[in-house]
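# Structural description and commentary
Residues per chain, in single letters:
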Amino acid sequence: MAVSNSELYDAIVTGDARKAHAATQAAIAAGTGPMEIISASMVPAMNEVGRLYEAEEYFVPELLLAGRAMKSAMELLRPLIAASGLKLANRVIIGTVKGDLHDIGKNIVASMLEGSGFEVIDLGADVPPEKFVAAVEERDPHVVCMSSLLTVTMPAMRTTIQALESAGVRHKVKVLIGGAPVTQQYADEIGADGYGDNASLAVSAVKKLCAVA
Amino acid sequence: MNRNFYLELAARGVRMPIGADLVLHEEPDPEAARRDGLSLGRVIERAARRWNTPIAMPLMDLRLEKIDLLALASIPEHEAEAYQFSAPIDEQTMAALCDLSSYSFCAGSIARDQAIAHIATFPDLLPVGMVIGPFSLATRLMRDPITAVALAGMAPDEQPSPEIELLLQCLRASEAAVLRSVRAQMRHGARAIVVCEPAACTAFFSPRQLKAGSNAFERFVMGPNQRIRAALDQAGCDLIFHDCGELIDSMVSDFAQRLHPVILSLGSSRNLWDDARLVPSDVVLYGNLPSKSFYSDAAMPVETVVDLTRQLITRMQACGHPHIVGSECDVLFVPEAKHAILAKVDAIMSCAAPMISNCSTP
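This structure is a prediction, so every number in the text was calculated from the model and none was measured.

Parameters and conventions
- Counting restarts for each chain: residues are numbered from 1 in the order of the written sequence.
- All chains are assigned letters beginning with A, and all ligands numbers beginning with 1, in the order in which they are written.
- For a predicted model such as this one, the threshold for reporting local features is a pLDDT of at least 70, and the threshold for listing and counting side-chain atom pairs is 80 or more; totals across whole chains, interfaces and linings nevertheless cover every residue.
- Here the side-chain values reflect all heavy atoms present in the structure, with hydrogen atoms and water set aside.
- The way it works is that DSSP assigns letters per residue, a run of H or I at least four long becomes a helix, a run of E at least two long becomes a strand, and they are numbered from the N terminus.
- Under the scheme applied here, a residue whose accessible area is under 20% of the maximum for its type counts as buried, over 50% as exposed, and between as partly exposed, the area being computed with a 1.4 Å probe on protein chains only.
- Two residues form a contact once any of their heavy atoms are found within 4.5 Å.
- By this rule, a helix spans an expected 1.5 Å times one less than how many residues it contains.
- The directions considered for the arc are those from the helix axis to the C-beta atoms.
- A pair of strands counts as paired when DSSP detects no fewer than two bridges linking them.
- Angles shown run from 0 to 180 degrees and are taken between the N-to-C directions of axes, each axis being a line fitted to C-alpha atoms and, for helices, limited to the stretch in contact.
- Salt bridge, as used here: a side-chain nitrogen of Lys or Arg that lies within 4 Å of a carboxyl oxygen of Asp or Glu.
- The handedness rule is simple: strands pointing away from the viewer, and a clockwise path from the first strand over the helix to the second, make the crossover right-handed.

### Details of the overall build of chain B
Assigned secondary structure in chain B consists of 17 helices and eight strands. Projecting the C-alpha coordinates of chain B onto the three principal axes gives extents of approximately 60 × 45 × 40 Å. For chain B, buried positions account for 59% of its 362 residues. The long-range fraction of contacts in chain B, counting pairs at least 24 apart against all pairs at least 6 apart in sequence, stands at 76%.

In structure tokens, the structure reads:
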């Protein structure tokens, strides 16, 4: 059974990147495998961060600091995972839709997904539909996440789903959308599979989608 | 500063959306009109007359100060919106960015200023300018502003990091850019300026950190905005302060009591009738119907907008605080939802008390 590294867990929950880096180095030096570090310490830590956010004890800045700490740990683990031929459980493609340069919410979701053990391919902001399609064709993800902050750029979510359909790859992926003006009704209206009202709920929704994908 | 003008409008029951974008999109070529001073001025005039208000609320284009600022670092307009500094800025560039004597403005800013001058020719309209707030502009200049703010708000033993250094530089440059913009708009006749500070909110400032004693909100939001306020005071120009972000009570108090604007405009996450206790009685509250959801008839049917408007009016009348009914932010034009949005703006305007006409400017 995997044993939790409490220093790494605490470093992520308190958003301390330097401590997270040091604790990960120590765990690797002690012979702990990368997947065990992720599953025993990082995933529970990000779950706790999500819980604190839902309880309104944490806010967006704490989420980002936790994500930053988690990334500093992942930087050390990623080469080990690649070298060992291991694979993270599920792959997610994420991006802010065409015309929208706001990427803070998308970045938070990406960080939390990575901390929850997903392989995340971040396409960035202002991503045109054809780039989402190409990424699906090339990287074969389980889920595509799209974000939009503005009402005027939301229609690009529909356009992107239509582009996935036209390219014949829509059936291969689940699509999750989110962003300030986005609602469950809008997700239903444009044929998305899920909707996240905030970063924490987006991660929960991705987990659910992967369970049925 | 003539607070009575705004207080009288509130007492008369004036209602108005921030709706110039809707009128702009009635133009045959909205993008051309956005960059032509006379056309833009006519759009703003038409918006004020349509909604029967003497406050000629301008187009909310919060990109302009960033474009003008980055032009001083030789970054072309078409790259400005996406441009972000990723490392501390060199001294020479900082000197250029902070140069208050610069009067170089993009076509959009020139049109904005000429539109103000056009409005100033009508004695029954109040020419109003608009700027992005210094903190919000600073956040648009950086790749990861939230982390920088959060790091700055951490325990005092946290070593100064490159992220914090860049944040402080961006803030200095932004304050200069806002000041240049404000001065230009006042020169063209603006008698009130709307300062839009949507990033000054809990997404950027953790209430947990603030409760623990972080002075980040004071350093990054209140300080720069108090200096902008002083510049407005010096010129006899009124401050209208807008923040549609998620706020905690202490933020609302700081805006209302320490910036002491003539109008405080808040987002729909706030209950204005509760906020009234935080706001001096000579500050008019504006808003705050949920216009960001107007595009969707499923999420926000017209009937709900009517109910919310009536509830807002009733509760504000009950608490006795001066209030102008309006939108929580700029009501943006969305082509595929044009009719849904307009129907809800009409609902706000027509669902209760009598309309006011022929209001005079102070």
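Let us keep going from here.
### Things to note about helix H2 (residues 17-29) of chain A
All names here are of chain A. The end-to-end C-alpha distance of H2 is 18 Å, a good match for the 18 Å that 13 residues give at a rise of 1.5 Å each. Within H2 the residues assigned to the buried category are Ala 17, Ala 20, Ala 23, Thr 24 and Ala 27. All buried residues of H2 fall inside an arc of 125° around its axis, so they share one side. In H2, the exposed positions angled more than 90 degrees off the buried face are occupied by Arg 18, Lys 19 and Ala 29. Those residues of H2 that are buried are in contact with helix H1 (6-13), helix H3 (34-54) and helix H4 (60-84).

### Describing the sheet that holds strand S4 (residues 174-178) of chain A
Residues and elements named next belong to chain A. Read across the sheet, five strands follow the order S2-S1-S3-S4-S5 without closing on themselves; strand pairing throughout is parallel. Here the strands that pair on one side only, and so sit at the sheet edges, are strand S2 (119-122) and strand S5 (194-196). Taken pair by pair, the neighbouring strands of this sheet meet at an average axis angle of 25°, ignoring direction. Judged from the five bridges that link them, strand S3 (residues 143-147) and S4 form a sheet pairing that is parallel. Residue pairing across strands places Val 143 opposite Lys 174, the latter belonging to S4.

### What to know about the pattern of salt bridges
Residues and elements named next belong to chain B. Across all of its chains, the model carries 30 salt bridges over all chains by this definition. Here Glu 26 ties to Arg 50 by a salt bridge, and the two come within 2.6 Å at their closest N and O atoms. In this pair, Glu 26 sits in the loop between helix H2 (20-24) and helix H3 (30-34) while Arg 50 sits in helix H4 (residues 37-50), placing the two residues 24 residues apart along the sequence. With relative accessibility at 40%, the residue Glu 26 sits in the partly exposed group. Of the charged contacts, one joins Asp 61 and Arg 63 as a salt bridge, the two residues approaching to 2.9 Å between their closest N and O atoms. On the accessibility criterion, Asp 61 (11% relative accessible area) is buried. In this structure Arg 63 comes out as partly exposed when scored by relative accessible area, which is 33%. A cluster of three or more residues bridged by salt bridges with shared partners is formed by Glu 26, Glu 27, Arg 46 and Arg 50.

### Concerning the pairing of strand S7 (residues 284-289) of chain B
Residues and elements named next belong to chain B. Within S7, six of the six residues are buried, which leaves it mostly tucked inside the rest of the structure. Relative to S7, strand S6 (residues 263-266) runs parallel, the two being bridged by three bridges. Of the residues in S7, the one forming a bridge with Ile 263 is Val 284. Note: S7 against strand S8 (residues 323-330), five bridges, orientation parallel. Its bridge partner being in S8, Asn 288 is matched across the sheet by Gly 326. In this fold, the crossover linking S7 to S8 by way of helix H16 (residues 302-319) has right-handed handedness.

Nothing here speaks to function; it is geometry throughout.
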